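# Coordinates in review
Single-letter residue listing:
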Amino acid sequence: KPKTVRKASTGSVPDFAFSGEGVRISSVIEDSPAEKAGLKTGDVITALNNDKVIDLKAYSDALKKYQPGDVVKMKIIRDNKEMEVTLTLGER
């Protein structure tokens, strides 16, 4: 069975050292979907549409369901507040 390749990208770089629940953003690529959606370094992604993001693997698996150009809702935590942003996925 062919491996599903993730084509969709948000343009945020995960913080691989983060061990809490979710995926913390270590940096946001300039002019990327993440930047256009208002994501910032330090935001913690906790959900992508209806998929709970508990770790990097869950995040990657959730992203595999989408194609570049798809619009997703992303739940994030910033400064201990939960927020929701809408993001149009880009090409990886």
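Above this text you will find the structure in question.
Here is what the cut-offs are and how they apply
- Residues numbered from 1 in each chain as written.
- Predicted model: local features only at pLDDT ≥ 70, side-chain atom pairs only at ≥ 80, totals over all residues.
- Heavy atoms only, no water.
- Core = buried A, V, L, I, M, F, W, Y, C linked by side-chain atoms within 4.5 Å.
- Buried < 20%, exposed > 50% of the residue type's maximum accessible area, 1.4 Å probe, protein only.
- Helix = DSSP H or I, 4+ residues; strand = E, 2+ residues; numbered from the N terminus.
- Contact = heavy atoms within 4.5 Å.
- Arc of directions from axis to C-beta.
- Polar contact = N/O pair within 3.5 Å; in protein donor to acceptor, adjacent residues only side chain to side chain.
- Salt bridge = Lys/Arg side-chain N within 4 Å of Asp/Glu carboxyl O.

## Quick word on the nonpolar core
Counting residues in each nonpolar core, the largest one holds 19 residues, and the members touching the most others are Leu39, Ile45, Leu48, Tyr59, Met74, Leu87 and Leu89. Looking at this core, the elements that each hand over two or more residues are β3 (23–28), α1 (33–37), β4 (44–48), α2 (56–63), β6 (71–78) and β7 (81–88). Not counting residues up to four positions away in its chain, the partners in contact with Met74 are Thr10, Leu39, Ile45, Ala47, Leu48, Tyr59, Met83, Glu84, Val85 and Leu87.

## Description of unusual backbone geometry
Within the chain, Asp31 stands out as a residue other than glycine whose phi angle is a positive 65°. Within the secondary structure, Asp31 sits in the loop between β3 and α1. Of note, Asp79 is a non-glycine position whose phi angle comes to about 50°, a positive value. Relative to the helices and strands, Asp79 is located in the loop between β6 and β7.

## A look at the environment of Asp15
With respect to the secondary-structure elements, Asp15 resides in the loop between β2 (12–14) and β3. Look at Asp15 and you get buried, because its relative accessible area is 18%. Each C-alpha atom of the pair Asp15 and Asn49 lies 21 Å from the other, and the pair is 34 residues apart in sequence. Not counting residues up to four positions away in its chain, the partners in contact with Asp15 are Arg24 and Ser26.

## Remarks on α2
Helical periodicity: at 3.6 residues per turn, an α-helix aligns residues three or four positions apart in one direction. Listed in full, the buried residues belonging to α2 are Ala58, Tyr59, Ala62 and Leu63. Projection of α2 onto a plane perpendicular to its axis shows the buried side chains occupying an angular sector of 135°, all on one side. Structurally, α2 contributes buried residues whose contacts are with β1 (8–9), β2, β3, β4, β5 (51–52) and β6. Capping of α2 at its N-terminal end is provided by Asp55; its side-chain oxygen lies 3.3 Å from the backbone amide nitrogen of Lys57.

## Considering the environment of Phe18
Mapping Phe18 onto the fold places it in the loop between β2 and β3. Measuring from C-alpha to C-alpha, the distance between Phe18 and Lys81 comes to 18 Å, with 63 residues separating the pair along the chain. What Phe18 contacts, discounting residues up to four positions off in sequence, is Arg24 and Val44.

## Here's the deal with the pattern of salt bridges
In the structure shown here, the tally under the stated rule is 6 salt bridges. We note a salt bridge from Lys52 to Glu21, for which the minimum N-O separation is 3.1 Å. Within this pair, whereas Lys52 is found in strand β5, its partner Glu21 is found in the loop between β2 and β3, the two being separated by 31 residues in sequence. Its relative accessible area of 56% is what places Lys52 among the exposed residues. Residue Asp61 is joined to Lys57 by a salt bridge in which the shortest nitrogen-to-oxygen separation is 2.6 Å. With a gap of 4 residues between them, Asp61 and Lys57 both fall in helix α2, about one helical turn apart. For Asp61, a relative accessible area of 30% corresponds to the partly exposed category. Judged by its relative accessible area of 57%, Lys57 falls in the exposed class. Connected via shared salt-bridge partners are Lys57, Asp61 and Lys64.

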